[in-house]
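Remarks on the overall topology
So the chains spell out like this:
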Amino acid sequence: MSHKDRFKKILSLLPSKPGIYQFIDTSGTILYIGKAKNLRKRVNSYFTKNQSGKTEVLLRRTEDIRHLVVDNESDALLLENNLIKRHQPRYNILLKDDKTFPWICIKKESFPRIFSTRNTIRDGSIYFGPYTSGLMVKTLLELIRQIYKLRTCSLFLSDKNITSGKFKVCLEYHMGNCKAPCIGHQSENQYNENIQEIKDILKGNISSLIDHLKSLMKTYSSELRYEEAQQVKEKIEILAGFKSRSAVVSNTIKNVDVFTYTQDGDYAYVNYLKIVEGSVIQAFTLELKIRVEEEKESVLGYAITEIRERLASDSPEIIVPFNPDIQLDRVKYTVPKTGEKFKLIELSERNAIYYKLEQKKKRNDLVKPQERTGKNLERLKNDLHMSELPLHIECFDNSNIMGTNPVAACVVFRNGKPSKKDYRHFNIKTVTGPDDFSSMEEIVYRRYKRLIEEKTSLPQLVIIDGGKGQLSSAMKSISALGIRDKLTVIGIAKKLEEIYFPGDSVPIYIDKNSISLKIIQQLRNEAHRFGISFHRDKRSSAMLKSGLDEIDGIGIKTKEILLNHFKSVEKIRSASQEELKILVGYSKTAKIISFFNNRS
């Protein structure tokens, strides 16, 4: 019974409304949580198209499908995010832990302390970050302490403790770094005014803060409070100096979030830039592990929700390279193609790519390349029961469409890596029509007959793209050349990735996650790519030759003009006389029309 038949009743009852859906296994465990603009369409899509291996496993393990309808798309996005965090389903996107990044904390307490931390505690304290650079955190805290005299102690500064004279001033007061609120030398209102200004600095609102301080300085001056006016002036100078060192990316963009997306296999990376008053005040890249096949629009939407919630962003505009699948309420999405906003997209993408490469290098550095390759090939040798390490592997693939322009390809891997200088294309010479078996027999014979004649070393492993039939055809040539005992030959059938050995009708199945199967698949896919590109070039050449080269009086330049405009010979054939005359003139138009009329 197909997956669709198993869930036919559930699928028919799904509403065409926004909401979330859950795939549940036999034990009642949630395997996957998803969101949808239209629940019926989204859930049905799992059963109406071919799915990746991981998604196929998810569907096989699913025993029940549940759903929850919400009012709008934005609610669906937020609910999905919260439920994934709560249940952490096995097949959902995994957020990589960012505990190593520092934050700046404004503690929830009387006379709040400000300090850096790598742990966020939900106690009402306010956190700014995370910052990817510890140096940035240090610079910001030094700036704050240079301008504001804040306490660093952990005393419990209640009104009762202060008025009762429980505390004494410390060295920080004598050094001028603190105004001693512990003994009542600074009121809580004065202290909190400073905290509000610090929040503006950390949010990037430096220009508005400078304007406020300038107004305050004038007020103090008009009231002849010159000492206080001088202190405010010094704050303004320090803030202006810091602002001039900030990365200014625009003079017109005031308050936006920028998100971009890049992916590397099962890992996705979403970069976030916060722009306030034209400057980048925050940069952060979120790494996500993709567990089942996900559309990039869905991953981006999930990441935007997570990052904005985590960093408490309320920017009214979000700049993105493409629209996410579901958008947030009261937020404008912009997909720029040119201008300053597009430059922000490029800047964010560069950051995402740099981070991706950095993380990939970290993963690769965990194992030395030579050791990794050696271990992988050793595993392949054991899985295929070979007597030698397969340092030299070759893979063959046929390519033809409806029997036309049959070609074949051979790709070569040495020490686990492609050796492109050894790749070979083959034009099929002795076979007529679409006969993959005979074509495979021909190219394998030609390949190894030449290697034997040139006294070149043979591969330890030969992979045939195809099942029992192609493998048997290849073995005919290998046996005829007398090299059957000198190499290992296998066939890989595409549908179920079955591995066939010569003379054995029962295939073996290698673990889908094993490195051995991945090596075999890599060779198979590379041979297919190499063969298809050659076949495409040959077919295009043949089409042009049969279509235009036979027309007397039509030269190379005229052909280029026609193909650049019409894109194909078929469109040239169906073009009107007026269209052709505009491009190539009356005389050549007559020849072209006459040629195609005679052939129809």
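Calculation notes
- Residues numbered from 1 in each chain as written.
- Predicted model: local features only at pLDDT ≥ 70, side-chain atom pairs only at ≥ 80, totals over all residues.
- Heavy atoms only, no water.
- Helix = DSSP H or I, 4+ residues; strand = E, 2+ residues; numbered from the N terminus.
- Buried < 20%, exposed > 50% of the residue type's maximum accessible area, 1.4 Å probe, protein only.
- Contact = heavy atoms within 4.5 Å.
- Patch = residues over 30% accessible without salt bridge, like charges linked within 9 Å, V, L, I, M, F, W, Y side chains within 5 Å.
- Areas by Shrake-Rupley, 256 points an atom, 1.4 Å probe, with all protein chains shown as cover.
- Salt bridge = Lys/Arg side-chain N within 4 Å of Asp/Glu carboxyl O.
- Phe/Tyr/Trp six-rings, centres within 6.5 Å; stacked < 30°, edge-to-face > 60°.
- Lys NZ or Arg CZ within 6 Å of the ring centre and 35° of its normal.

Turning our eyes to something else, we now look at the environment of valine 489. Tracing the backbone through its elements, the reader meets valine 489 in strand 18 (residues 488-493). Judged by its relative accessible area of 5%, valine 489 falls in the buried class. Along the sequence, valine 489 and proline 502 sit 13 residues apart, while their C-alpha atoms lie 7.2 Å from each other. Setting aside residues no more than four positions away along its own chain, valine 489 makes contact with Val462, Ile464, Leu471, Met475, Ile478, Tyr500, Phe501 and Pro502.

Attention now goes to a nonpolar patch on the surface. Among the surface-exposed residues, Ile353, Tyr354 and Leu357 lie close enough to one another that they form a single nonpolar patch of about 310 Å² accessible area. Of note, isoleucine 353 is situated in helix 13 (residues 339-365). By relative accessible area, which is 36% here, isoleucine 353 ends up partly exposed.

Turning our eyes to something else, we now look at the side chain of serine 477. By the element assignment, serine 477 lies in helix 16 (residues 468-480). Those residues in contact with serine 477, other than ones at most four positions away along the chain, are Glu441, Val444 and Tyr445.

What follows is about the packing of aromatic side chains. Both the distance between ring centres and the angle between the ring planes are used here to describe each pair of aromatic rings. Under the definition given, this model contains 13 aromatic pairs. Their ring planes at 40° and their centres at 6.3 Å tell us that tyrosine 21 and tyrosine 32 sit as a pair that is tilted. In this pair, tyrosine 21 sits in strand 1 (residues 19-24) while tyrosine 32 sits in strand 2 (residues 30-36), placing the two residues 11 residues apart along the sequence. The pair tyrosine 21 / tyrosine 32 is uniform in exposure class, with both members buried. Here a set of aromatic residues connected by ring pairs shows up, and it is made of Tyr21, Phe23, Tyr32 and Tyr46. In this structure, lysine 289 packs its charged tip against the face of tyrosine 267, placed 5.4 Å from the ring centre. A cation over a ring is seen here: lysine 296 above phenylalanine 322, with NZ or CZ 4.6 Å from the ring centre.

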